[in-house]
Every structure is written in structure tokens, then in C-alpha cells.
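Given next are the chains, with one letter for each unit.
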Amino acid sequence: MIVDQLVLSKKESKTKYEADKNSEKPIRSVAKAVSWRVIGTLDTLLISYLLTGKVSIAASIASIDFVTKMFLYFFHERIWNKINWGK
């Protein structure tokens, strides 16, 4: 029953690639990148603190991690948004 619903809902909501390719704007990718990085940075901060025992070192690691991975995630999202596979 659940599988039937998933299959039926996919058939009903299937769109053409041309209509779907612009459905996610860059600002949405930025918002997703920031929200994910906040979660990821808190995780990095906690792990770094547990390993080093120093808040200042943990905060430094988490800060660098936040910036670099946010940019990586943004470009990763934009590239995947251009790929038609699985849409």
C-alpha cells in the first residue's frame, strides 16, 4: 500500500525537465547550505572540544569548517541541480 502510494504520487507529480530545472533558485541553495552548516558546525564544535578539551581550539576548527563546507555544499547543490538524472 505504501509502495503503491509512492509510485502513484511520483506518476502524478512528474514534471518535464525544462519546467523543473529552474525550480530551485540559488538563494534556496544558500539557505540550505547555511542551515546545514549550522548543524554540521555544532557537531564539529562538540567533537573538537571532546578531542582537544579546549573551547578556543574547537571554535577555531568549527569556524574554518563552517566557511569552507558552506561553499563546497553550495556548489555541490548547484551542480546537482543541473543534472537531469533522477528527476
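Details of the structure are given in the entry above.
Overview of the structure. Remember, it's a predicted structure, so these values are computed and weren't measured experimentally.

**Brief notes about helix α4 (residues 55-82)**
- The end-to-end C-alpha separation of α4 is 40 Å, in line with the 40 Å expected for 28 residues at 1.5 Å each.
- Taken as a whole, α4 has its buried residues at Ala58, Ala62, Asp65, Met70, Phe74, Glu77, Arg78 and Asn81.

**A word on the pattern of salt bridges**
- All told, the structure shown has three salt bridges when counted by the stated rule.
- Among the ionic pairs, Lys69 bridges to Asp65, the shortest N-O distance being 2.9 Å. In this pair, Lys69 and Asp65 both sit in helix α4, four residues apart, roughly one turn of the helix.
- The buried category is assigned to Asp65, whose relative accessible area is 9%.
- Among the ionic contacts, a cluster of salt bridges with common partners joins Arg37, Asp65 and Lys69.

**Details of the packing of aromatic side chains**
- For the structure shown, the criterion picks out two aromatic pairs.
- Taking 5.2 Å as the distance between ring centres and 80° as the angle between the ring planes, the aromatic pair formed by Phe74 and Phe75 counts as edge-to-face.
- Measuring from ring centre to ring centre gives 6.2 Å for Trp80 and Trp85, while their planes differ by 55°; the resulting arrangement is tilted.
- Residue classification places Trp80 among the partly exposed positions, given a relative accessible area of 40%.

**Quick word on the environment of Arg37**
- Inspection of the secondary structure assignment puts Arg37 in helix α3 (residues 26-52).
- Relative accessible area serves as the criterion here: at 6%, Arg37 is assigned to the buried category.
- Among the polar contacts listed, one links the side chain of Arg37 to the side chain of Asp65, at a separation of 2.5 Å.

**Some thoughts on the environment of Lys25**
- Its place among the elements puts Lys25 in the loop between α2 (17-20) and α3.
- Judged by relative accessible area, Lys25 falls into the exposed class, the value being 52%.
- Along the backbone, Lys25 and Asn81 are 56 residues apart, and their C-alpha atoms lie at a distance of 9.4 Å.

**Brief notes about the packing of α3 against α4**
- Their axes nearest at 7 Å, the elements α3 and α4 cross at an angle of 150°. With respect to their mutual orientation, α3 and α4 come out roughly antiparallel. With respect to the hand of their crossing, α3 and α4 are arranged in right-handed fashion.
- In terms of residue class, the contact of α3 with α4 is made up of 18 nonpolar, six polar and six charged.

Calculation rules
- Residues numbered from 1 in each chain as written.
- Predicted model: local features only at pLDDT ≥ 70, side-chain atom pairs only at ≥ 80, totals over all residues.
- Heavy atoms only, no water.
- Helix = DSSP H or I, 4+ residues; strand = E, 2+ residues; numbered from the N terminus.
- Expected span 1.5 Å × (residues − 1).
- Buried < 20%, exposed > 50% of the residue type's maximum accessible area, 1.4 Å probe, protein only.
- Salt bridge = Lys/Arg side-chain N within 4 Å of Asp/Glu carboxyl O.
- Phe/Tyr/Trp six-rings, centres within 6.5 Å; stacked < 30°, edge-to-face > 60°.
- Polar contact = N/O pair within 3.5 Å; in protein donor to acceptor, adjacent residues only side chain to side chain.
- Axes fitted to C-alpha atoms, helices over the stretch in contact; angles between N-to-C directions.
- Parallel < 35°, antiparallel > 145°, perpendicular 65-115°, else oblique.
- Left-handed = near helix turned anticlockwise from the far one by under 90°.
- Nonpolar A, V, L, I, M, F, W, Y, C, P; charged D, E, K, R; others polar.

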